[in-house]
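# A look at the structure
Each chain, letter by letter, is given below.
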Amino acid sequence: MNKRIVIIGSGPAGLICALSCCQNGIEPSDILIIERDSELGGTLNQCIHSGFGKNYLEEVVTGTELASMLSDAIRQLEIEYITDSTVLFVDKQKRIRVVSPKYGYCTIKAEAIVLAMGCREKTKGALQIGGTRPAGVFSAGAVQRIVNLKGYMPGKKTVVLGSGDLAMIVARRLVLEGGSVACVCEPKEYAEGSEEHVAECLENFEIPLYYSTTVTKIFGKERIEAVEIAKVDKRGKAIKGTEQKIKCDSFVYQCGLVPENEIIKETGIRLDTRTRGAYVNQYFETNVKGIFTCGNAVRIHDLVDFIVEEAQIVGESVKKYLDNKTAKPISTVRIKNSDKILYSVPQHLDEYDEGIEDCVIYFRVNGKYDNLLITLKKDGEEIYSREKGKMSWLETGKILVTKELSEKIKGAKEIIICAQEKKNGNDTDNNS
Ligand SMILES: Cc1cc2nc3c(=O)[nH]c(=O)nc-3n(C[C@H](O)[C@H](O)[C@H](O)COP(=O)(O)OP(=O)(O)OC[C@H]3O[C@@H](n4cnc5c(N)ncnc54)[C@H](O)[C@@H]3O)c2cc1C
């Protein structure tokens, strides 16, 4: 089977990309969306809380509502999609192996592919907790899914480890559904998620949040009966004598998300060890021409707003690629990061005839800073600077490559994003 464009994954990234392809002049009949779940929408379907679509819709809706709006738009345009269909792998020749109830085990040859497979949760193995392995231990995302989509509770009294946004949202959900949360333990001295979520999800529901605390042991044979928690030192090591046993019948942990990119191992697509997503240019095109990627498959996003931006860029890029498949970049500029920058995306800028003007460089910092100055350097010379003020790893920073900046970047082999803390200064942020 042949299809011009195949989009793998139907979360907001995949669906918005499909809609953007059509807005840019691609025929809906040229697109196929492949989704392994039984419905379109991806992670949005399990997010029954509000907070989605601020920039895209100019109103805030629940994840489920956004999923249904996007799915309706896909159906209205009659874009083909197959659900309950899993892509097993993709190769360099842009052949996609799929198992699907509609087509069986088949190979689809595409002219362009968009990887929008989202992310998966890291497993409890990464936590190295002692004790037994009874039933009643869940990851936060799994709990969100079984509670919100299947209507089951993981237990009556839960201990939560991790204070990322997902863990806090799940803790609140358990209380709203009639359960109780004994405590949320956070090994760091501060919450991993936003301050708003600490207030809205924990404080408002009187759920205790213990900083510098971890879970050190799990008790129970068939079913979990209790956990042991303990204070940790600055290196995260449990402090002897601070242990406390807490009775519970369920334990929920959040230990991070990783982009889901296993199916591209045979494509030769280069992955970034920091983001765990593909190395991309400003068009979100990987090093294999005609294979693009967006959403959580590129880097973990907290907000759908940035996914919307990326997916729209990819829709436009796919159209450009199909119109001129042989175009080669005139030059490539690598983007490097200084020590306070956790990562940046894209990892390089490819210059074609239209130049690099108007593209955006997204970045994250690796800590919480009160007064940051962000600069771009070319051969040691500062070509851009901006007072960012307060910034933490939770926030995505943006550098817009204006006409003026694109002129300064011209001719560079590499540019470096630098972040330095200023002693005194203003809290300004005029570019994101
Ligand atoms: C708990 C939680 C709360 C959040 N709260 C907010 C919020 O309040 N506001 C906000 O803006 N954002 C929020 N987000 C972020 C946002 O929901 C996600 O970042 C977004 O859904 C990711 O979009 P995506 O399309 O990249 O991936 P996903 O939505 O995960 O979609 C990826 C899709 O790809 C499919 N797939 C994967 N592999 C394959 C394969 N091999 N074959 C076929 N299909 C495949 C998956 O089944 C999935 O449907 C939240 C996220 C979580 C987890």
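Judged by side-chain charge, Lys157, Lys217, Lys245 and Lys247 come together as a positively charged surface patch. With respect to the secondary-structure elements, Lys245 resides in strand S17 (residues 244–247). The exposed category is assigned to Lys245, whose relative accessible area is 58%.

Turning next to the site of the ligand. As a matter of local geometry, the ligand sits amid 32 residues, with Glu35, Thr43, Leu166, Asn296 and Val304 nearest to it. Between the ligand and Thr43 there is a distance of 2.6 Å, counted from an oxygen atom to a side-chain nitrogen or oxygen. Surface burial for the ligand is 92%, taken as the share of its 1000 Å² of free accessible area covered by protein chains. Those elements that place two or more of their residues in the shell around the ligand are helix H1 (12–23), strand S3 (50–52), strand S6 (86–90), helix H5 (165–176) and helix H7 (304–323). Residues lining the shell around the ligand come from more than one domain, with at least three contributed by each of domain 1 (2–120 + 258–327) and domain 2 (123–255).

Here we come to a nonpolar patch on the surface. A grouping of Leu88, Val99 and Tyr105 is seen on the molecular surface, where their side chains present a nonpolar patch of about 280 Å² in accessible area. Here Val99 shows up in strand S7 (residues 95–100). By relative accessible area, which is 35% here, Val99 ends up partly exposed.

The next subject is the sheet that holds strand S21 (residues 331–337). What the 5 strands build is an open sheet, ordered S23-S21-S28-S25-S26; its pairing is mixed. The outermost strands of the open sheet, each flanked by one partner alone, are strand S23 (348–351) and strand S26 (381–391). Averaged over all pairs of adjacent strands, the angle between strand axes in this sheet comes to 20°, irrespective of strand direction. Both strand S25 (residues 369–378) and strand S28 (residues 414–421) contribute to a ladder of 7 bridges, which runs antiparallel. Residue pairing for S28: Leu376 is matched across the bridge by Ile417.

Turning our eyes to something else, we now look at the sheet that holds strand S10 (residues 130–131). Whenever strands of a sheet pair, they do so through backbone hydrogen bonds, lying parallel or antiparallel. Read from one edge of the open sheet, 4 strands run S10-S15-S16-S17, paired in mixed fashion. What marks the edges here is a single partner per strand, and that holds for S10 and S17. As judged from the 6 bridges shared by strand S15 (residues 213–219) and strand S16 (residues 226–231), these two strands associate in the antiparallel manner. Residue pairing across strands places Thr213 opposite Lys231, the latter belonging to S16.

In an α-helix, one turn spans 3.6 residues, which is why side chains three or four residues apart end up on the same side. The end-to-end C-alpha separation of H5 is 17 Å, in line with the 16 Å expected for 12 residues at 1.5 Å each. Counting buried positions over the 12 residues of H5 gives 10, a clear majority of the element. Among the residues of H5, those classed as buried are Asp165, Leu166, Ala167, Met168, Ile169, Val170, Ala171, Arg172, Arg173 and Leu174. Among the residues trailing H5, Gly178 stands out with phi positive, at a value near 100°.

Taken as a whole, the chain is organised into domain 1 (2–120 + 258–327), domain 2 (123–255) and domain 3 (348–421). Here the C-alpha centre of domain 3 lies 38 Å away from the C-alpha centre of domain 2.

Here we come to the nonpolar core. Counting residues in hydrophobic clusters, the biggest one holds 65 residues, and the most contacted among them are Ile8, Ile31, Ile34, Ile96 and Val318. Those residues in contact with Ile34, other than ones at most four positions away along the chain, are Val6, Ile7, Ile8, Gly9, Ile82, Ser85, Val87, Ile96, Val98 and Ile108. In terms of nonpolar packing, the next biggest core, distinct from the first, is built from 24 residues, Ile335, Ile341, Ile374 and Tyr384 among them.

Turning our eyes to something else, we now look at the environment of Leu400. By the element assignment, Leu400 lies in strand S27 (residues 397–400). Owing to a relative accessible area of 32%, Leu400 belongs among the partly exposed residues under this scheme. With 232 residues separating them in the primary sequence, Leu400 and Met168 have C-alpha atoms 33 Å apart.

As a further point, take the packing of aromatic side chains. In this structure the tally under the stated criterion is 5 aromatic pairs. Pairing Tyr283 with Tyr352 gives two aromatic rings, centres 5.9 Å apart and planes at 65°, and the pair type is edge-to-face. Placement of Tyr283 in the loop between strand S19 (257–259) and strand S20 (291–293) and of Tyr352 in the loop between S23 and strand S24 (360–365) is noted, with a sequence separation of 69 residues between them. A relative accessible area of 13% places Tyr283 in the buried class. On the basis of relative accessible area, Tyr352 is assigned to the buried category, the value being 12%. Consider the rings of Phe292 and Tyr321, whose centres lie 6.0 Å apart with planes at 70°: the pair is edge-to-face.

Reading the values: rules and limits
- Residues numbered from 1 in each chain as written.
- Predicted model: local features only at pLDDT ≥ 70, side-chain atom pairs only at ≥ 80, totals over all residues.
- Heavy atoms only, no water.
- Patch = residues over 30% accessible without salt bridge, like charges linked within 9 Å, V, L, I, M, F, W, Y side chains within 5 Å.
- Areas by Shrake-Rupley, 256 points an atom, 1.4 Å probe, with all protein chains shown as cover.
- Salt bridge = Lys/Arg side-chain N within 4 Å of Asp/Glu carboxyl O.
- Lys, Arg positive; Asp, Glu negative; His and termini not counted.
- Charge placed at Lys NZ, Arg CZ, Asp CG, Glu CD.
- Helix = DSSP H or I, 4+ residues; strand = E, 2+ residues; numbered from the N terminus.
- Buried < 20%, exposed > 50% of the residue type's maximum accessible area, 1.4 Å probe, protein only.
- Near = heavy atom within 4 Å.
- Polar contact = N/O pair within 3.5 Å; in protein donor to acceptor, adjacent residues only side chain to side chain.
- Domains from an automatic or database assignment.
- Pairing = 2+ DSSP bridges.
- Axes fitted to C-alpha atoms, helices over the stretch in contact; angles between N-to-C directions.
- Expected span 1.5 Å × (residues − 1).
- Core = buried A, V, L, I, M, F, W, Y, C linked by side-chain atoms within 4.5 Å.
- Contact = heavy atoms within 4.5 Å.
- Phe/Tyr/Trp six-rings, centres within 6.5 Å; stacked < 30°, edge-to-face > 60°.

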